[in-house]
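Structure assessment
Listed below are the residues making up each chain.
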Amino acid sequence: MRTYDVAPLFRSSVGFDRLLDLLSQAERAEATAAWPPYNIEKVAEDEYRITMAVAGFTSDEIELTQHDTALLVSGQKKSQESERQYLHRGIAARTFRQTFNLAEHVRVTGATLENGLLTVDLKREVPEALKPHRITIGGMQAALGQDNAPAQIKDRAKAA
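Since this is a predicted model, take the numbers as computed values, not measurements.

Rules used in this analysis
- Residues numbered from 1 in each chain as written.
- Predicted model: local features only at pLDDT ≥ 70, side-chain atom pairs only at ≥ 80, totals over all residues.
- Heavy atoms only, no water.
- Helix = DSSP H or I, 4+ residues; strand = E, 2+ residues; numbered from the N terminus.
- Buried < 20%, exposed > 50% of the residue type's maximum accessible area, 1.4 Å probe, protein only.
- Contact = heavy atoms within 4.5 Å.
- Salt bridge = Lys/Arg side-chain N within 4 Å of Asp/Glu carboxyl O.
- Pairing = 2+ DSSP bridges.
- Axes fitted to C-alpha atoms, helices over the stretch in contact; angles between N-to-C directions.

What about the environment of phenylalanine 57?
Along the polypeptide, phenylalanine 57 turns up in the loop between β2 (47–53) and β3 (62–67). Residue phenylalanine 57 is classed as buried on the basis of its relative accessible area of 7%. For the pair phenylalanine 57 and lysine 78, spaced 21 residues apart in sequence, the C-alpha to C-alpha distance is 9.1 Å. The contacts of phenylalanine 57, once residues within four sequence positions are left out, are Trp35, Ile62, Gly75, Gln76, Lys77, Ala92, Ala93, Arg94, Phe96 and Leu113.

Quick look at the structure:
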């Protein structure tokens, strides 16, 4: 695998430090982060879904924690070794810990565990104050709203 040095980008960019940190972090990703297998899908314009295959785990053995822009999914089996004697054990019951980096203003809206699949629903909710808004261009007068229609003067409107 090739490695890329993003350090020079830190010198010529402002405000992209989180993105550059994510690129640096992706280089150091561990191979063990591939278990349990998961899918990430875009459901709608601002809605996403993470589906993880966690066969053998119950809802009380899985913990979901969102802290700022990080979603931590961890699972730990309760000890049931004394109850069962396995001749073959193909279903992995090992402890897992998976972290997902979320974009700004993305929050968890729900989670379900059904048929061995953990589904985590996410939604991006940008506050009104942070949404893009038009800025009026004007002279000395304060503009009340965005109105790009040509101004009509009363005398000229009657003459036309």
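Read on, since the account is not over.
Digging into the pattern of salt bridges
For the structure shown, the criterion picks out five salt bridges. Of the charged contacts in the structure, one is a salt bridge between aspartate 46 and arginine 124, with a shortest N-O distance of 3.5 Å. Here aspartate 46 is found in the loop between β1 (38–44) and β2, whereas its partner arginine 124 is found in strand β7 (residues 117–124), with 78 residues between them in sequence. For aspartate 60, the salt bridge identified is with lysine 78, shortest N-O distance 2.7 Å. One end of the pair, aspartate 60, is in the loop between β2 and β3; the other, lysine 78, is in the loop between β4 (70–75) and β5 (96–101), with 18 residues separating them in the sequence.

Side note on the sheet that holds strand β6 (residues 106–114)
Strand order in the open sheet made by the four strands is β1-β2-β7-β6, with antiparallel pairing throughout. Two strands in the sheet have a free side with no partner beyond their single neighbour: β1 and β6. Between one strand axis and the next, the sheet turns through 20° on average, direction left out of account. Looking at chain direction, β2 and β7 are connected through seven bridges and run antiparallel. Counted as the bridge partner of glutamate 47 is lysine 123 from β7.

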